[in-house]
Amino acid sequence: RLLLQEARESIEAARNYRRELEQRLRGLHQARKQIRESATLTRDVLEQHFNDLKGTLKKLLDERLLSLLQEVDAIEQESIKPLDECQKLIEHGVSTADELLREGESAVHGDVGQQNEKLCSFTKKALHIQLDSLPEVPSLVDVPCLSAQLDDCLLTILRNQIFRHGTVASRPPVQLEEFVEKPGGILVRWCKVDDDFIPQDYRLQYRKSTASHFEDVYVGSETEFIVLHIDPNVDYQFRVCARGDGRQEWSPWSIPQIGRTTLVPHEWTPGLEGYSLSSRRNIALRNDSQSCGVLYSKAPTYFCGQTLTFRQVLSGIETVGQPDRRDSLGVCVEQQNGYDSLQRDKAVCISTNGAVFVNGKEMTNQLPAVTSGSTVTFDMEVVHLGPSSNEGGNCKLRVTISSNNREVVFDWVLDQCCVSLYFGCSFSYPGWKVLVF
């Protein structure tokens, strides 16, 4: 039996050993695949880049050559024009002199009876032509002599620049670090892995795994970003790069990684008069309607342990209306129609003036007023369950509400434990525009 037990243990150890070896073999295959795929991509990028450079350089050289040739043509035409005019003048003079010679010879050798008359006419004509007046021909030193000045140092400069242009990096200075699921979104975090690299900006891109091209989703100095409008249970690829301090070019991309969220996006309930919703129903705008009431979430999609954030798409609550003490942003156990605020039982909320209400009662602690650019977050965790909580026992939730770098923490006691909660808002005056995620 002892030998049999030892044999079984050896067999199990062999299985585990084989399993570990197979796992390492898969790791080697993945590493080899990553090297080959990244090398192929790098070759394609280099070839495309230098082909583009050659095309652009040829175009620029052709344009410069054409410009210089046009300049030669212009100088040539401008310099030849007075010479052509002088040539015409001289040719006309030659023609006149030939005619005068023929007339003079005819007068000298002509009939004696008409000789005096012809000689008199010839002499007058010769005096009128001014045979001592000759057009001036420019000397060669005064005539343009075109030449091309080509500085050979350009080739040296280009050669040095080309030999220094481009690098091949095997390790990007920034890598993706963490993906955190959010309702209808993913919080992406990244970190610097090269101690010698000083980043100035980061650039985050993503794409659906079925898409062919990445698109920019964030450029800035932060090392995390919440990517919204993410379809749940769909794989997305992410990559990040950085730009060094004082540099214009971006670093190599990080290794692409897959992130996904299983949490459905938060949505406001459509159809409530007084509020206009975006196409994705995550942005609510208080319109000019006189109707008032609480706008609730479509479903109880907020769970304890998550962070619920109210914010305008770009910079918090972008367009603020006139504040009112009955305004509210918060969460509740259930939808209750007939109220114009969440300042009621089974709800916690913050008013636009910063007052915090728990079950309709105002707390002594107060947060800063909600203004343009504000972000309000709710965090909750279960700290105590009473007996038989699923059937109506007590439930205590630790609630943290944050606004403008300040927060209040308190315990919210409910008569029953809630697996999920609704969120809601109410504004008395138009102009408030809120994004929830």
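Counting restarts for each chain: residues are numbered from 1 in the order of the written sequence. Under the rules for a predicted model, residues below a pLDDT of 70 receive no local features and side-chain atom pairs below 80 are neither given nor counted, while totals for whole chains, interfaces and linings still include all residues. Think of the side-chain values as coming from all heavy atoms in the structure, minus any hydrogens and water.

Visitor: Go over a nonpolar patch on the surface with me, naming the residues and quoting the values.
Guide: Patch building starts from residues that exceed 30% relative accessible area and form no salt bridge, then joins like charges within 9 Å and nonpolar side chains (Val, Leu, Ile, Met, Phe, Trp, Tyr) within 5 Å. Shrake-Rupley sampling with a 1.4 Å probe provides the accessible areas, and residues are treated as covered by the protein chains on show and by no other component. Each salt bridge in this description consists of a side-chain nitrogen of Lys or Arg and a carboxyl oxygen of Asp or Glu lying within 4 Å of one another. Residues Leu46, Phe50, Leu53, Leu154, Leu155, Leu158, Ile162, Phe163 and Val168 make up a contiguous nonpolar surface patch of about 840 Å² in total accessible area. In this text, helices come from DSSP runs of H or I with a minimum length of four residues, and strands from runs of E with a minimum of two, each type numbered from the N-terminal end. Among the secondary structure elements, those contributing two or more residues to the nonpolar patch are helix H1 (2–109) and helix H3 (153–164). Among the elements that take part in the nonpolar patch, H3 stands out by supplying five residues, more than any other. By the element assignment, Ile162 lies in helix H3. Note on classification: 1.4 Å probe, protein chains only; a residue is buried when its accessible area is under 20% of the maximum for its type, exposed when over 50%, partly exposed between these limits. Relative accessible area serves as the criterion here: at 45%, Ile162 is assigned to the partly exposed category.

Visitor: Can you explain the pattern of salt bridges? Please cite residues and give values.
Guide: Summed over all chains, the structure comprises 17 salt bridges. Linking Lys346 and Glu334 is a salt bridge whose minimum nitrogen-to-oxygen distance equals 4.0 Å. A residue pair is termed long-range when its members are at least 10 positions apart, and Lys346 in the loop between strand S13 (328–332) and strand S14 (347–350) and Glu334 in the loop between S13 and S14 qualify at 12 residues. Residue classification places Glu334 among the partly exposed positions, given a relative accessible area of 31%.

Visitor: Please set out the UniProt feature "coiled-coil region" (unreviewed entry) in the protein chain residue by residue, giving values where relevant.
Guide: UniProt positions are given in the numbering used here, feature names are shortened, and annotations may be inferred rather than shown by experiment. Here, UniProt's "coiled-coil region" (unreviewed entry) annotation points to residues 4–78. The distance from the first to the last C-alpha atom of residues 4–78 is 110 Å, and the span holds 100% helix and 0% strand.

Visitor: With reference to specific residues and values, describe H1.
Guide: Between its terminal C-alpha atoms H1 stretches 155 Å, which fits the 160 Å expected from 108 residues at 1.5 Å a residue. Each residue is assigned a bend, namely the angle between axes fitted to the seven residues that terminate at it and the seven residues that start at it. Along H1, the helix axis deviates most sharply at Ile80, where the bend reaches about 25°; the proline Pro82 sits within four residues downstream. Listing the buried residues of H1 in full gives Ser79, Cys86, Leu100, Gly104 and Ala107. For a helix, the expected span equals 1.5 Å multiplied by the residue count minus one.

Visitor: Explain the side chain of Thr309 to me, using residue names and the numbers behind them.
Guide: The residue Thr309 is located in strand S12 (residues 307–311) in this model. Relative accessible area serves as the criterion here: at 7%, Thr309 is assigned to the buried category. We call two residues contacting when some pair of their heavy atoms lies within 4.5 Å. Excluding anything up to four places from it in sequence, Thr309 contacts Thr375, Val376, Thr377, Leu435, Val436 and Phe437.

Visitor: Can you break down the sheet that holds strand S5 (residues 224–228) residue by residue, with the values?
Guide: By the convention used here, strands pair only if DSSP detects at least 2 bridges between them. Within the open sheet, the three strands sit side by side as S1-S2-S5. Their pairing is antiparallel. Of all strands in the sheet, those bounded by a partner on one side alone are strand S1 (174–182) and S5. Looking at each pair of strands side by side, their axes are set apart by 25° on average, direction ignored. Sheet topology note: the strand S2 (residues 185–192)/S5 ladder contains five bridges and is antiparallel. Residue pairing across strands places Val188 opposite Phe225, the latter belonging to S5. Each axis is a line fitted through C-alpha atoms, and for a helix only the stretch in contact is used; angles between axes span 0 to 180 degrees, taken between their N-to-C directions.

Visitor: Can you lay out unusual backbone geometry for me, pointing to particular residues and giving the numbers?
Guide: The phi dihedral of Asn359 is positive, around 55°, even though this residue is not glycine. Of note in the backbone geometry, Asn405 takes a positive phi value of approximately 65° without being a glycine. Here Asn405 shows up in the loop between strand S18 (395–403) and strand S19 (406–414). When its relative accessible area of 84% is taken as the criterion, Asn405 is described as exposed.

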